[in-house]
Amino acid sequence: MKKEWCKENYEKSITSRAWNSTPYDADWDKSKKYGEDIPSSLELKAIFEEELTLGKVPAWASEIINRMIKYFPPCGHYTFPHPLIQVCEAIKKETCPEFIYGCYTADSKRKTLMSYYVYCLDAWLKNAPLHIAKAELAMRDNLGKDWDSIITAVYTTLGKPSEQKTLLVTRLIHRLRWWIKTLIWSDDKRNRYMLDVYSGDIRGDETNWGAYGNTPFGDPYFAELELPEIKKLRAEICKKVPDGKNLLDNTEQIWLCAPKVFRHLEKVIIKIGNLNSKNIPKKKGILQCEDTYPKILSYNKWYSSFVSSLSGWLKGDSKSLNELGKITPVKHWLARILRHKLQLLEKHDNLGKLLGTKPSTKRGEK
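Residues numbered from 1 in each chain as written. Predicted model: local features only at pLDDT ≥ 70, side-chain atom pairs only at ≥ 80, totals over all residues. Heavy atoms only, no water.

(A) Representation of the environment of tryptophan 147. Along the chain, tryptophan 147 falls in helix 7 (residues 147–158). Along the chain, tryptophan 147 and leucine 137 lie 10 residues apart, while their C-alpha atoms are 6.8 Å from each other. Residue contacts for tryptophan 147: discarding those within four places in its chain leaves Leu113, Tyr116, Tyr117, Cys120, Leu137 and Asn142. Polar contacts involving the side chain of tryptophan 147 include one to the main-chain carbonyl oxygen of asparagine 142, which spans 2.7 Å. (Helix = DSSP H or I, 4+ residues; strand = E, 2+ residues; numbered from the N terminus. Contact = heavy atoms within 4.5 Å. Polar contact = N/O pair within 3.5 Å; in protein donor to acceptor, adjacent residues only side chain to side chain.)

(B) Here's a closer look at helix 13 (residues 261–273). Helix length check: helix 13, at 13 residues, gives a terminal C-alpha distance of 18 Å against a target of 18 Å (1.5 Å per residue), a fit within 8%. In terms of burial, helix 13 is largely enclosed, as 10 of its 13 residues are buried. Listed in full, the buried residues belonging to helix 13 are Val261, Phe262, Arg263, Leu265, Glu266, Val268, Ile269, Ile270, Ile272 and Gly273. Residues of helix 13 that are buried sit in contact with helix 5 (108–125), helix 7, helix 8 (163–182) and helix 12 (244–252). (Expected span 1.5 Å × (residues − 1). Buried < 20%, exposed > 50% of the residue type's maximum accessible area, 1.4 Å probe, protein only.)

(C) Fine view of the packing of helix 8 against helix 11 (residues 228–240). One can describe the packing of helix 8 onto helix 11 by two numbers: an axis separation of 10 Å at closest approach and a directional angle of 145°. Taken as a pair, helix 8 and helix 11 cross one another with a handedness that is left-handed. Contacts between helix 8 and helix 11 pair Glu163, Gln164, Leu167, Leu168, Thr170, Arg171 and His174 from the former with Glu229, Ile230, Leu233, Arg234, Glu236, Ile237 and Lys240 from the latter. Here the contact of helix 8 with helix 11 is built from residues that sort into five nonpolar, three polar and six charged. (Axes fitted to C-alpha atoms, helices over the stretch in contact; angles between N-to-C directions. Left-handed = near helix turned anticlockwise from the far one by under 90°. Nonpolar A, V, L, I, M, F, W, Y, C, P; charged D, E, K, R; others polar.)

(D) Main features of the nonpolar core. One finds Met114, Tyr117, Leu121, Leu172, Leu265 and Leu287 to be the most contacted residues of the largest nonpolar core, which totals 61 residues. Counting only elements with at least two residues in this core, the list comes to helix 5, helix 6 (130–138), helix 7, helix 8, helix 10 (220–225), helix 11, helix 12 and helix 13. Broken down by element, the residue count for this core peaks at 10 residues, all from helix 5. Every residue in contact with leucine 172, bar those within four places of it in the chain, is listed here: Leu121, Thr251, Ile254, Leu265, Val268, Ile269 and Ile272. Membership of the second largest hydrophobic core comes to 48 residues, among which are Trp5, Ile69, Ala90 and Leu314. (Core = buried A, V, L, I, M, F, W, Y, C linked by side-chain atoms within 4.5 Å.)

(E) Representation of empty space enclosed by the protein within the structure. According to the stated counting rule, one finds one cavity of 30 Å³ or more in the structure shown. When its volume is computed, the largest cavity comes out at roughly 60 Å³. Forming the boundary of the largest cavity are 12 residues, of which Met68, Phe72, Pro73, Ile100 and Tyr101 lie nearest the centre. Elements with a minimum of two residues in the lining of the largest cavity: helix 3 (59–69) and helix 4 (82–93). In terms of residues, the lining of the largest cavity owes the most to one element, helix 4, which gives three residues. Looking at the lining of the largest cavity residue by residue, the class counts come to nine nonpolar, two polar and one charged. (1 Å grid on protein atoms, 1.4 Å probe; cavity = no way out; pocket = protein on both sides within 12 Å on 5 of 7 lines; lining within 4 Å. Points joined across faces, edges and corners; volume = space filled by probe spheres on them.)

(F) Layout of the pattern of salt bridges. Per the stated rule, a full pass over the model turns up 21 salt bridges. One salt bridge in this structure joins aspartate 29 and lysine 7, with 2.8 Å as the shortest N-O distance. Pair noted here: aspartate 29 is in the loop between helix 1 (7–12) and helix 2 (42–54) and lysine 7 is in helix 1, with a separation of 22 residues, a long-range link. Each of Arg171, Arg175, Glu224, Arg234 and Glu252 takes part in salt bridges that share partners, so that together they form one network. (Salt bridge = Lys/Arg side-chain N within 4 Å of Asp/Glu carboxyl O.)

(G) Spatial organisation of the state of the cysteines. Inspection of every chain in the model, using the stated rule, returns zero disulfides. Between cysteine 103, a free cysteine, and cysteine 257, which holds the nearest cysteine sulfur, the sulfur-to-sulfur gap is 5.8 Å. (Disulfide = S-S within 2.5 Å.)

(H) Molecular detail of the confidence of the model for the protein. Of all residues in the protein, 89% attain a pLDDT of 70 or more, and the chain-wide mean is 89. Within the protein, helix 4 carries the highest mean pLDDT (98), whereas helix 9 (residues 195–198) carries the lowest (52). Low pLDDT, under 50, characterises residues 199–209; the stretch is placed with 22 contacts to residues that sit more than four places away or in other chains. Within the model, the stretch residues 360–366 combines pLDDT values under 50 with 22 contacts to residues more than four positions away or in other chains. (pLDDT = per-residue confidence, 0-100.)

(I) How the structure looks around the packing of helix 2 against helix 15 (residues 329–348). Between helix 2 and helix 15, the shortest axis-to-axis distance is 10 Å and the interhelical angle comes to 160°. Relative to helix 15, helix 2 is oriented roughly antiparallel. Our pair here, helix 2 against helix 15, has a crossing hand that is left-handed. Facing Glu43, Ala46, Ile47, Glu50, Glu51 and Leu54 of helix 2, the residues of helix 15 in contact are Pro329, Val330, His332, Trp333, Arg336, Ile337, Arg339 and His340. By residue class, the composition of the contact of helix 2 with helix 15 is seven nonpolar, two polar and five charged. (Parallel < 35°, antiparallel > 145°, perpendicular 65-115°, else oblique.)

(J) Structural context of the environment of aspartate 187. Within the secondary structure, aspartate 187 is located in the loop between helix 8 and helix 9. Each C-alpha atom, one on aspartate 187 and one on serine 108, is 9.4 Å from the other, the two residues being 79 residues apart in sequence.

Right, here's the structure in full:
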């Protein structure tokens, strides 16, 4: 007899595991207040019923749900659309890749660029003479940027050191260095380094793959916040800096894997430099990071074509999306979950900003 669509049966299903970073991430009873009602969702119910027709879900399909679709980056990731293509290829091949491109993953080139910006901040914090800091940067690969101008702009923007600015820049530097040290990449799958971050989140079964699909990997975001020195520093900032809580939030929402991280960093530096000012200038260019901005118009065009092809594939045209390959019942169920997950992220999270489809989002190449 067909299982009833109800809270108990839904929460036992593999379908229920796919919705991290969406309103469905709340439980059956609380989902409505987050913008989507699980019990009345016709699409979710149809996906659940599609799972039931499969009988037993193959282990490879469960792994794709648990490691990839569940943790698909809600911002789209700076490598977009690679994470999306990787999910499709996994469905086609009926196997998860060893390494998943998504949240908390960044390549060495991106880390190196961030380390240069950290150097500029650290030089200001240590009150290093500007000409000495410039000389140090001149000995490095310039990464295609004018570092004389960048570090001068950082010094000028931050202005004269003060106790409040020093606290904020100290916090900012720690956060940025933390991401450089903890984020992983395909050729950098650490199983020894930063074990305090990676351990304690894995049970070893297929229902818990750690944070964001890659093991052994806990959640570095919260791990850093729990460090004693960071707790002390955060408390001091909240006590001594006007609007300190807001500035901490700005700092702690910098993600090295986010599409527009360097522009976000630029804004934080400007806010710190204009501390206690009512009018924060909206200037750009101090970090010369425009070449790292997401190409929103291009992404929007590609994504529209992808969604159209995905819908065609789900309707039975297996040639409309080669990345998914031949249609089978299991693959159809997975692809339908993927499409609905993307719809929810586009509507409720930052994927819509990346694509320029979220209301009030500015659109353009920069």
